[in-house]
Protein chains: 2
Amino acid sequence: MVEKHELHEKGLRLTPQRELVLQAVRELGHATPEEVADKVRQTHPGINLSTVYRNLETLENVGLVQHTHLGHGGATYHAAEELTHLHLVCGECGSVGDAPIDVAANFVQNLADDYGFRTDVTHFAIYGTCAACVK
Amino acid sequence: MVEKHELHEKGLRLTPQRELVLQAVRELGHATPEEVADKVRQTHPGINLSTVYRNLETLENVGLVQHTHLGHGGATYHAAEELTHLHLVCGECGSVGDAPIDVAANFVQNLADDYGFRTDVTHFAIYGTCAACVK
DNA sequence: TAATAACTCGCAAACTATTCGCAAGTAGTG
DNA sequence: CACTACTTGCGAATAGTTTGCGAGTTATTA
């Protein structure tokens, strides 16, 4: 159980709720706090939404999950180990596609070279129009 | 007055409030709805926040302004004619830098070639750590 | 220019997403 | 097993944004 160690290092605890939230994020792939809450409630109806928010934040500080902005409103959370792709959000149909981070390698390098900017391409989605909607 | 024409084409009107909102966006460069409202109120105290929201939306439909997601919560608006740069948001210090869209040309091309995805790089900010904070 | 229809505005209430305060509960340490 | 700091649930509070509605404006047509 990797997470136990990660948490204890910072004086945090591995509570049942925390395990459930982390597990839900891992199973869902990407999910908003609300979706995580729903998932967790399937087995543990009592869990509170603010607990989910707090735990997502905690797990993020510890590095077990990360959030990404896919658009307006809500952030979506990923398990840290799955964050190997960037998100292509289509403004027409709203679909979210994936692409390996490699396609951005060149871009990231440009920004580093020209501006000293260290880019995290996964944090924001890449916005545009998907192949299906371009037609 | 370009905007009058743009609006009339869609059966919309150029009201004093609309002019003021558009002018504020142009002067501010980037601004949240709230900031636009504040700016407009310096000369016209009576204007309502919801009018600003509605007019930003209207002006966006017509193509005179555009919004960008710079982070959590709020969108920020730009005059359409100024949207020639992308935004580098620093996660450490919160600063927003600019870079010409050219640095992303290669990246955009990759996405088009490999995924048929037509990218609007300006819509979402590019997240990372700025040169100053990297040190 | 009067009548009519369509568009806008201001205001207040409604919403959505997220955070906070606090008392009660509990994991982890010794 | 007791103790302490971290956590939870709950309800209320916020922030940002949207909506309903009546009154006011403007464009169009006759």
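So, here's what we can say about the structure. (Residues numbered from 1 in each chain as written. Chains lettered and ligands numbered in written order. Predicted model: local features only at pLDDT ≥ 70, side-chain atom pairs only at ≥ 80, totals over all residues. Heavy atoms only, no water.)

The four strands lie next to each other as β5(A)-β6(B)-β3(B)-β4(B), forming an open sheet whose pairing is mixed. For this open sheet the edge positions go to β5 (118-119) of chain A together with β4 (96-100) of chain B, each flanked by a neighbour on one side alone. Where β5(A) meets strand β6 (residues 126-129) of chain B, two bridges bridge the pair, whose relative direction is antiparallel. What sits directly across from A:Thr119, in β6(B), is B:Gly128. (Pairing = 2+ DSSP bridges. Helix = DSSP H or I, 4+ residues; strand = E, 2+ residues; numbered from the N terminus.)

If you rotate chain A by 180 degrees and push it 0.1 Å along the axis, it lands on chain B with an RMSD of 0.1 Å. Expressed as a symmetry operation, the mapping of one chain copy onto the other fits a two-fold axis. Among all residues of chain A, the minimum C-alpha distance to the rotation axis is found for A:Phe107, at 2.8 Å. Taken together, the interface assignments show that 100% of the residues at the interface of chain A recur at the interface of chain B, consistent with an identical surface on both copies. (Least-squares fit on C-alpha atoms with pLDDT ≥ 70 in both. Contact = heavy atoms within 4.5 Å.)

Residue and element names in this part refer to chain B. Within the structure shown, the criterion is met by six salt bridges over all chains. A salt bridge links Asp38 to Arg41; its shortest N-O distance comes to 3.9 Å. On the criterion of helical spacing, the pair formed by Asp38 and Arg41 is a turn pair, its members being three residues apart in helix α3 (residues 33-43). Among the residues examined, Asp38 registers a relative accessible area of 44% and is labelled partly exposed. (Salt bridge = Lys/Arg side-chain N within 4 Å of Asp/Glu carboxyl O. Buried < 20%, exposed > 50% of the residue type's maximum accessible area, 1.4 Å probe, protein only.)

On to the packing of aromatic side chains. Following the criterion strictly, the structure yields four aromatic pairs over all chains and no others. Summarising the aromatic geometry, the rings of A:Phe107 and B:Phe107 are spaced 5.0 Å apart at their centres and angled 0 degrees between planes, so their arrangement reads as stacked. In this pair, A:Phe107 is assigned in helix α5 (residues 105-115) and B:Phe107 in helix α5 (residues 105-115), connecting two distinct chains. Accessibility expressed as a relative area gives 1% for B:Phe107, which makes it buried. (Phe/Tyr/Trp six-rings, centres within 6.5 Å; stacked < 30°, edge-to-face > 60°.)

Neighbouring residues of DNA strand D: 20 residues in total, closest A:Arg13, A:Arg18, A:Thr51, A:Arg54 and B:Tyr53. The sugar-phosphate backbone supplies 61% of the atoms of DNA strand D found within 4 Å of the protein. Take A:Gln17: an N or O atom from its side chain is 2.9 Å from a sugar or linking oxygen of DNA strand D. Here a base nitrogen of DNA strand D sits 2.7 Å away from a polar atom, N or O, in the side chain of A:Arg54. (Near = heavy atom within 4 Å. Polar contact = N/O pair within 3.5 Å; in protein donor to acceptor, adjacent residues only side chain to side chain.)

What follows is about the packing of helix α2 (residues 16-28) of chain A against helix α3 (residues 33-43) of chain A. Residues and elements named next belong to chain A. Relative to each other, α2 and α3 sit at 115 degrees, their axes nearing to 9 Å. One element, α2, and the other, α3, form an angle in the roughly perpendicular class. As for how α2 packs across α3, the hand of that crossing is right-handed. Across from Leu20, Val21, Ala24, Val25, Glu27 and Leu28 in α2, the residues of α3 making contact are Glu35, Val36, Lys39, Val40 and Thr43. Here the contact of α2 with α3 is composed, by residue class, of seven nonpolar, one polar and three charged. (Axes fitted to C-alpha atoms, helices over the stretch in contact; angles between N-to-C directions. Parallel < 35°, antiparallel > 145°, perpendicular 65-115°, else oblique. Left-handed = near helix turned anticlockwise from the far one by under 90°. Nonpolar A, V, L, I, M, F, W, Y, C, P; charged D, E, K, R; others polar.)

Attention now goes to the nonpolar core. Membership of the largest hydrophobic core comes to 24 residues, with the highest contact counts inside it found for A:Leu86, A:Phe107, B:Leu86 and B:Phe107. Put simply, the parts of the chain that give this core at least two residues each are β3 (85-90) and α5 of chain A together with β3 (85-90) and α5 of chain B. Ranked by size, the runner-up nonpolar core spans 21 residues in total, among them B:Leu20, B:Val62, B:Val65 and B:Ala79. (Core = buried A, V, L, I, M, F, W, Y, C linked by side-chain atoms within 4.5 Å.)

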